[in-house]
Amino acid sequence: MTPPQTTTPSPNAEDQDRRSIAEFLRLEVTGGLMLLIAATLALILANSPVSDTYTSVRDHHLDIPWLGLNLSIGHWASDGLLAVFFFIAGVELKRELVVGQLRKPAAAALPVVAAIGGMAVPALIYVLVNGLQGGAMDGWAVPMATDIAFALGVLAVVGRKLPSALRTFLLTLAIVDDLIAIIIIAVFFASDLNLWFLLGSIAGLALFGFLHHRGVRGWYIYVPLALVIWGLMFNSGVHATIAGVAIGMLLRTTTKPGEETAPAEHIGHLVHPWSAGLCVPLFALFAAGVAVSGDTFADMIHEPEALGVTLGLVLGKIIGVFGATWLVATFTKAQLHPSLKWPDIFGAAMLAGIGFTVSLLIAELAFADQPHLMEHVKVAVLLGSVIAAIGAAIVLTLRGRAHERAGTSDE
């Protein structure tokens, strides 16, 4: 009997498979879906018979003495892997500042002000709730952040009938939101600042920028240099994810003669699948794993910190984003894009209440010395994000149908 014929994929077929996977991971829907799966798995593991194993893995320490690093796996995910996410955020921010919406003050005015309002009001709500009830003020920054991957992922699912201008509005808002969150992390959550390590990290960034703009190429130069910059930043006391942002913003966003794409676009294109498919989901897997029970929610009702975070994400973002946009459009010359209506902005404001990634990170930083409270604040982040996502999905689905009937959608 003749054995069955087997065919070995050609190198070209393997390359095509890899490209297909990478393109899939670049989709906004995929990024949001991967986050959702990782967070759900984390909650299942943390509330299952294997919860002790999950916790021991998360808290297991990996030591690299020559870098002065002795971190748990959970901290490697938040300080290390999340730096890749912030690198992509830095690339996006640089691109928007140089060639995107943020280079045009008139076009950027509304989403920029919306982002500022959408961060200020949730923080004020948190401070008000905790001031009245005697809670800890440390978590004021937790409800300020918008998760760009989750928010755009939800919009990609429910917003196919909506004008593309709404995605531009939300993307610009989220990028400004990321910038402010980065500044907050750098300024307010630095600990035991070591000036020499910080200066070393800055020197490494200067060398990175010099080599890049002189046209020096080779990943074998930049990847080790980036790791050194990251290690120095970590040991300086400034949160290590800031190194990712800084490196991303150093990349050139304009093309030179003979280049098809700018380095920022090319490198961002290569790194994005790793961020969306591996780094951010692994962070979520270890950050979102909190024990949840009826007692948890009963305790949270009496904890102003958790209540302030939930109200900040659900109500604060709506009031801040929608209110700031309406005030600027009413009292200045700035105007909404002609294809957008106020209910669309209301839906986007609800969508901005998805805090997740950066909110979980800030919760870990703000309540590092209060593990029990940190767990409840994380639950509040998850709860607020879920409420915001569901509410926004309903509103934007209805708005998509309205645009379709009116013939104002992009399809």
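By the naming in an unreviewed UniProt entry, the chain is Na(+)/H(+) antiporter NhaA, taken from Streptomyces xiamenensis. Regarding the chain, the relevant UniProt record gives this comment under Function (unreviewed entry): "Na(+)/H(+) antiporter that extrudes sodium in exchange for external protons." Looking at the Catalytic activity (unreviewed entry) heading of the UniProt record, one finds this comment for the chain: "Na(+)(in) + 2 H(+)(out) = Na(+)(out) + 2 H(+)(in)".

A. Representation of the overall build of the chain within the structure. Each helix and strand counted, the chain has 16 helices and two strands in total. Since a compact globule built from 411 residues should have a radius of gyration of about 22 Å, the 22 Å found for the chain is in line with a globular shape. Judged by the C-alpha coordinates and their principal axes, the chain covers about 65 × 60 × 50 Å. A total of 411 residues make up the chain; the buried ones form 51% of that total. Accessible surface, the chain: about 19,600 Å² in total, of which carbon and sulfur atoms supply 68%. Side chains of the chain give 22 positive and 30 negative charges; the mean places of these two sets differ by 14 Å.

B. Representation of the side chain of T241. Mapped onto the elements, T241 comes out in helix α10 (residues 241-250). With relative accessibility at 0%, the residue T241 sits in the buried group. Separated by 2.8 Å, the side chains of T241 and H239 make a polar contact.

C. View of the side chain of H376. Along the chain, H376 falls in helix α16 (residues 371-406). In terms of polar contacts, H376 uses its side chain to reach the side chain of E303, at 2.7 Å. Apart from residues lying up to four places away in sequence, H376 is in contact with T296, D299, M300, E303 and A306.

D. Just the pattern of salt bridges, in detail. Scanning all chains against the criterion turns up eight salt bridges. Across the pair R217 and E259 runs a salt bridge whose closest N-O atoms are separated by 4.0 Å. Here R217, found in the loop between α8 (195-213) and α9 (219-236), pairs with E259, found in the loop between α10 and α11 (263-287); they are 42 residues apart in sequence, far enough to count as distant. In this structure R217 comes out as exposed when scored by relative accessible area, which is 66%. By relative accessible area, which is 22% here, E259 ends up partly exposed. One continuous salt-bridge network, built from bridges that share partners, spans R217, R252 and E259.

E. Layout of helix α4 (residues 73-98). With 26 residues, α4 extends 37 Å from end C-alpha to end C-alpha; this agrees with the ideal 38 Å at 1.5 Å per step. In α4, a bend of some 40° at A83 exceeds every other bend along the element.

F. Focus on the nonpolar core. Within the largest apolar cluster, 116 residues are counted, with the highest numbers of intra-cluster contacts made by F86, L351 and F367. When neighbours within four sequence positions are excluded, L351 is seen to be in contact with A151, V154, L155, L170, A392 and L396.

G. Quick peek at the environment of A240. Along the polypeptide, A240 turns up in the loop between α9 and α10. Along the chain, A240 and L82 lie 158 residues apart, while their C-alpha atoms are 9.0 Å from each other. In this structure A240 touches D79, A83, W230, M233 and F234, once residues within four positions along its chain are discounted.

H. Examining the packing of aromatic side chains more closely. Scanning all chains against the criterion turns up 11 aromatic pairs. Look at Y54 and F286: their rings are 6.5 Å apart centre to centre, the planes differ by 15°, and that puts the pair in the stacked class. Of this pair, Y54 sits in helix α3 (residues 51-59) while F286 sits in helix α11, and the two are 232 residues apart along the sequence. One exposure class covers both Y54 and F286, and it is buried. Plain terms: the ring middles of F150 and F356 are 5.2 Å apart, the flat faces sit at 85° to each other, and that makes the pair edge-to-face.

I. Representation of the confidence of the model for the chain. Mean pLDDT over the chain works out to 87, with 93% of the residues at or above the 70 mark. The weakest mean pLDDT in the chain belongs to helix α1 (residues 11-26) at 64; the strongest belongs to helix α13 (residues 304-331) at 96. Every residue in residues 1-10 scores below 50 in pLDDT, and together they form one contact with partners more than four places removed in sequence or on other chains.

J. Representation of a nonpolar patch on the surface. A cluster of nonpolar residues, L195, W196, L199 and I202, forms a patch on the protein surface that exposes about 480 Å² of accessible area. In this fold, I202 is placed in helix α8.

K. Geometry of the packing of helix α5 (residues 105-133) against helix α7 (residues 164-188). Interaxial distance between α5 and α7 falls to 8 Å at its minimum, and their mutual angle equals 50°. Classified by the angle their axes make, α5 and α7 are oblique. When you trace α5 past α7, the crossing you get is right-handed. When α5 is examined against α7, the residues L110, P111, V112, A114, A115, I116 and M119 are found in contact with a partner set consisting of F169, T172, L173, V176, D177, I180 and A181. Per-class residue counts for the contact of α5 with α7 are 12 nonpolar, one polar and one charged.

L. Up close: the layout of surface pockets. In this structure, the largest pocket occupies an estimated 1,200 Å³ of space. Around the largest pocket, the lining comprises 41 residues; the ones closest to its centre are F87, Y222, V223, I267 and V271. Those elements that provide at least two residues to the lining of the largest pocket are α4, α8, α9, α10 and α11. It is α9 that provides the largest number of residues to the lining of the largest pocket, a total of eight residues. By residue class, the composition of the lining of the largest pocket is 28 nonpolar, eight polar and five charged. Put simply, the second largest pocket is a space of about 720 Å³.

About the thresholds
Residues numbered from 1 in each chain as written. Predicted model: local features only at pLDDT ≥ 70, side-chain atom pairs only at ≥ 80, totals over all residues. Heavy atoms only, no water. UniProt positions renumbered as here; feature names shortened; annotations may be inferred. Helix = DSSP H or I, 4+ residues; strand = E, 2+ residues; numbered from the N terminus. Rg over C-alpha atoms; globule rule 2.2 N^0.38 Å. Buried < 20%, exposed > 50% of the residue type's maximum accessible area, 1.4 Å probe, protein only. Areas by Shrake-Rupley, 256 points an atom, 1.4 Å probe, with all protein chains shown as cover. Lys, Arg positive; Asp, Glu negative; His and termini not counted. Charge placed at Lys NZ, Arg CZ, Asp CG, Glu CD. Polar contact = N/O pair within 3.5 Å; in protein donor to acceptor, adjacent residues only side chain to side chain. Contact = heavy atoms within 4.5 Å. Salt bridge = Lys/Arg side-chain N within 4 Å of Asp/Glu carboxyl O. Expected span 1.5 Å × (residues − 1). Bend = angle between axes of the 7 residues up to and from the residue. Core = buried A, V, L, I, M, F, W, Y, C linked by side-chain atoms within 4.5 Å. Phe/Tyr/Trp six-rings, centres within 6.5 Å; stacked < 30°, edge-to-face > 60°. pLDDT = per-residue confidence, 0-100. Patch = residues over 30% accessible without salt bridge, like charges linked within 9 Å, V, L, I, M, F, W, Y side chains within 5 Å. Axes fitted to C-alpha atoms, helices over the stretch in contact; angles between N-to-C directions. Parallel < 35°, antiparallel > 145°, perpendicular 65-115°, else oblique. Left-handed = near helix turned anticlockwise from the far one by under 90°. Nonpolar A, V, L, I, M, F, W, Y, C, P; charged D, E, K, R; others polar. 1 Å grid on protein atoms, 1.4 Å probe; cavity = no way out; pocket = protein on both sides within 12 Å on 5 of 7 lines; lining within 4 Å. Points joined across faces, edges and corners; volume = space filled by probe spheres on them.

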